[in-house]
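Geometric and topological summary
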Amino acid sequence: MTQWYSKAFLVCLALMTAASVSQAAETKGGRLLMTGAGSTFINPLFSKWFSEYNKKFPNVEINYQSIGSGGGIKQLQKKTIDFGATDVPMTEKELADAAAPVLHFPVAIGAVVLSYNLPELKGTLNLDAATISAIVKGQIKSWDDTALKALNPALALPKRPLVFIYRSDSSGTTGVFTEYLGKSDPNFAKEVGVGKAIKWPTGLGGKGNEGVTANLKNTVGSIGYVELTYALNEKLPMAAIKNPAGKFVIAELGSVTEAAAQSLKDIPADFKVSLTNAPGAKSYPISSFAYLLAYEKTAKPAGDELVRLMNWALADGQKMAPALGYAPLPAALVKKMQPALSKIAN
């Protein structure tokens, strides 16, 4: 009897656990509580959006966990959240490991920048892909390296040790950064790797864009990659990056928008587009979409609410993007996305 009871209890417990993770959204006292997780890249914009959305719809509360794109994808695969967010599209393996088809919806355009802590430097630092790759590989160890001097003849680069700061967690920001270097340096993928999680050959790690930003501020002589909004908020200097047209370009609203415009001449049906190394003299070469991830036919009430949220984000939400360092989506892309949103709802 005891053995039968124990087995029955375990079966019931398993069923309860499966039910508890099948849908994260809860309704309490007439309020809908929804949960998302993933990209730190988009977190500043999501924080603003979800606060404003709650003001417009007080019965809806959205809790977003800024844990990195890799973490968000894993939680979405387990169905412990209602939606995820990433800066690079899910891989074929990640899609295969999901419980059902996953939809990708661009929400804004951002950029990954190279920020540095070099108080004595007067002027803007110029970098190209080959030099950035050499820094990442640990081949450039000092700020007065000949490769850096060649790109910056007008700057007085100090004889100071150079410290590379990287993301220690699984990150879409890392995915965008390494995708750019992989396109630019044919040996980078083999020697370092391309993806959201990298075993870096040198440097100091920080968790999230927040952790990298903190390490940059606290380490004189450091250089690292971080999302544009974090660099702007912390007033970190940003390098001008040489694009495929041979121009040194700073990440700003115009150059990020241009990268998107040059890359979206043929918009794919799944909206998964790479913006790195986009053509055009004015394009910033390390630009990226941030994507909201949702299951096709998401269970009610989360599915219906996600459709309403995305329609709001594609209209009112886009107007809030520039003030936070993101470029709004091109009108042609918004127009194409709106009919596809219905696939979210069950």
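Residues numbered from 1 in each chain as written. Predicted model: local features only at pLDDT ≥ 70, side-chain atom pairs only at ≥ 80, totals over all residues. Heavy atoms only, no water.

Burial within strand β9 (residues 222-227) is extensive, with six of its six residues counted as buried. Relative to β9, strand β5 (residues 102-116) is paired through five bridges, and the arrangement is antiparallel. In the sheet register, Leu 114 faces β9, and the bridge partner there is Tyr 225. Note: strand β7 (residues 163-167) against β9, three bridges, orientation parallel. Opposite Val 163, over in β9, you have Ser 222 as the bridge partner. (Buried < 20%, exposed > 50% of the residue type's maximum accessible area, 1.4 Å probe, protein only. Helix = DSSP H or I, 4+ residues; strand = E, 2+ residues; numbered from the N terminus. Pairing = 2+ DSSP bridges.)

With that settled, the discussion passes to the sheet that holds strand β11 (residues 248-249). With respect to topology, three strands assemble into an open sheet ordered β6-β10-β11, the strand pairing being mixed. Only two strands of the sheet have a single neighbouring strand rather than two, namely β6 (126-127) and β11. Bridge count for strand β10 (residues 240-242) against β11 is two bridges, and the pairing is antiparallel. Each bridged residue has a counterpart across the sheet, and for Lys 242 the counterpart in β11 is Phe 248.

It is worth spelling out the environment of Ala 299 at this point. Within the secondary structure, Ala 299 sits in the loop between β12 (287-295) and α12 (302-315). Sequence-wise, Ala 299 and Trp 49 are 250 residues apart; in three dimensions their C-alpha atoms are separated by 23 Å.

According to the stated counting rule, one finds 20 aromatic pairs in the structure shown. Summarising the aromatic geometry, the rings of Phe 105 and Phe 271 are spaced 6.1 Å apart at their centres and angled 35° between planes, so their arrangement reads as tilted. In this pair, Phe 105 sits in strand β5 while Phe 271 sits in the loop between α11 (253-263) and β12, placing the two residues 166 residues apart along the sequence. The exposure classification of Phe 105 matches that of Phe 271, with both residues buried. Through pairs of rings, three or more aromatic residues link up here, namely Phe 46, Trp 49, Phe 50, Tyr 53, Phe 57, Tyr 64, Phe 83 and Trp 312. Over the ring of Tyr 295 we find Lys 79, and its NZ or CZ is 5.2 Å from the ring centre. (Phe/Tyr/Trp six-rings, centres within 6.5 Å; stacked < 30°, edge-to-face > 60°. Lys NZ or Arg CZ within 6 Å of the ring centre and 35° of its normal.)

Let us look at helix α3 (residues 69-78). In an α-helix, one turn spans 3.6 residues; hence positions three or four apart end up facing the same way. Along α3, the residues that are buried comprise Ser 69, Gly 70, Gly 72, Ile 73, Leu 76 and Gln 77. Around the axis of α3, the buried residues are gathered within 160° of arc, so they sit on the same side. Residues of α3 that are exposed and angled more than 90 degrees away from the buried face: Lys 74 and Lys 78. Check the buried side of α3 and you find it contacts β2 (31-38), β4 (83-86), α4 (92-96), β5, α7 (172-184) and β12. (Arc of directions from axis to C-beta. Contact = heavy atoms within 4.5 Å.)

The subject of this paragraph is the pairing of strand β3 (residues 60-66). As paired strands, β2 and β3 are joined by seven bridges and run parallel to one another. Across the sheet, residue Ala 37 finds its bridge partner in β3, namely Gln 65. Note on the crossover from β2 through helix α2 (residues 43-56) to β3: the handedness is right-handed. (Right-handed = clockwise from strand over helix to strand, strands pointing away.)

We now examine the packing of α12 against helix α13 (residues 331-340). Where α12 contacts α13, the axes come no closer than 11 Å and their chain directions differ by 170°. As far as their axial angle goes, α13 and α12 are roughly antiparallel. In contact with Met 310, Asn 311 and Leu 314 of α12, α13 contributes Val 334, Met 337 and Gln 338. (Axes fitted to C-alpha atoms, helices over the stretch in contact; angles between N-to-C directions. Parallel < 35°, antiparallel > 145°, perpendicular 65-115°, else oblique.)

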